[in-house]
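Close look at the chain arrangement
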Amino acid sequence: MSETIPLHSSIVALVSLAAGIAAKHPSMGLCQVQRLRSLGVSEDHIQTAVEIARHIRDEAAQKLDTAFDEQFSGAPVVEAGGACCTPTASGQACC
């Protein structure tokens, strides 16, 4: 039986930060930002995680609004394109 190696605490904090932002959690991930800084994670890496999380959150909201508008107008809901997501404003891939 193989033993699972736990994720590094910086990875856990990045995932938690991104999930909190994407989920619109009221704590806004500020605790995780402090933890990441104390672990020596670069500001660029933290900003990238924040950018990706905000992009996913905003894209999800836009898709929900579009689906609602299509249902409301009686138009059929059609999934556009084939990509799972679009890049962030800076061109960072989010999937």
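Residues numbered from 1 in each chain as written. Predicted model: local features only at pLDDT ≥ 70, side-chain atom pairs only at ≥ 80, totals over all residues. Heavy atoms only, no water.

1. Digging into the overall build of the protein chain
- Within the protein chain, the regular secondary structure consists of 3 helices and 0 strands.
- Secondary structure elements of the protein chain occur, N-terminal to C-terminal, as α-α-α.
- Here the protein chain holds 95 residues, and the buried ones make up 21% of them.
- Of the contacts made within the protein chain by residues no fewer than 6 positions apart, 57% connect residues no fewer than 24 positions apart. (Helix = DSSP H or I, 4+ residues; strand = E, 2+ residues; numbered from the N terminus. Buried < 20%, exposed > 50% of the residue type's maximum accessible area, 1.4 Å probe, protein only. Contact = heavy atoms within 4.5 Å.)

2. A short note on the side chain of T88
- Positionally, T88 belongs in the segment after α3 (43-73).
- Given the relative accessible area of 5%, T88 is considered buried.
- At a separation of 3.0 Å, a polar atom in the side chain of T88 contacts the side chain of E51.
- When neighbours within four sequence positions are excluded, T88 is seen to be in contact with E51, I52 and H55. (Polar contact = N/O pair within 3.5 Å; in protein donor to acceptor, adjacent residues only side chain to side chain.)

3. Details of a nonpolar patch on the surface
- On the surface, a nonpolar cluster with roughly 360 Å² of combined accessible area is contributed by L7, I11, V12 and V15.
- You can see I11 is positioned in helix α1 (residues 9-22). (Patch = residues over 30% accessible without salt bridge, like charges linked within 9 Å, V, L, I, M, F, W, Y side chains within 5 Å. Areas by Shrake-Rupley, 256 points an atom, 1.4 Å probe, with all protein chains shown as cover. Salt bridge = Lys/Arg side-chain N within 4 Å of Asp/Glu carboxyl O.)

4. Thoughts on the pattern of salt bridges
- Across all of its chains, the model carries 2 salt bridges by this definition.
- The salt bridge partner of R37 is E43, with a shortest N-O separation of 2.7 Å.

5. Some words on unusual backbone geometry
- Located in the positive-phi region is K24, a residue other than glycine, with phi close to 60°.
- Along the polypeptide, K24 turns up in the loop between α1 and α2 (30-38).

6. Here's the deal with the packing of α1 against α3
- For the pair α1 and α3, the least separation of the axes is 8 Å and the interaxial angle reads 35°. Considering how the two elements wind past one another, α1 and α3 form a crossing that is right-handed. For the pair α1 and α3, the contacting residues are L14, L17, A18, I21 and A22 in the first and H45, I46, A49, V50, A53, R54 and R57 in the second.
- For the contact of α1 with α3, the per-class residue count stands at 9 nonpolar, 1 polar and 2 charged. (Axes fitted to C-alpha atoms, helices over the stretch in contact; angles between N-to-C directions. Left-handed = near helix turned anticlockwise from the far one by under 90°. Nonpolar A, V, L, I, M, F, W, Y, C, P; charged D, E, K, R; others polar.)

7. Comments concerning α3
- Relative to the 45 Å expected for 31 residues at 1.5 Å per residue, α3 spans 44 Å between its end C-alpha atoms, a close match to the ideal helical length.
- Among the residues making up α3, those that are buried are I46, A49, V50, I52, A53, H55 and E59.
- The elements touched by buried residues of α3 are α1 and α2. (Expected span 1.5 Å × (residues − 1).)

8. Thoughts on α2
- Of all the residues in α2, the buried ones are Q32, V33 and L36. An end-on view of α2 places all buried positions within 105° of arc, on one side of the element. Across from the buried face of α2, at angles greater than 90 degrees, the exposed residues are C31, Q34 and S38.
- Check the buried side of α2 and you find it contacts α1 and α3. (Arc of directions from axis to C-beta.)

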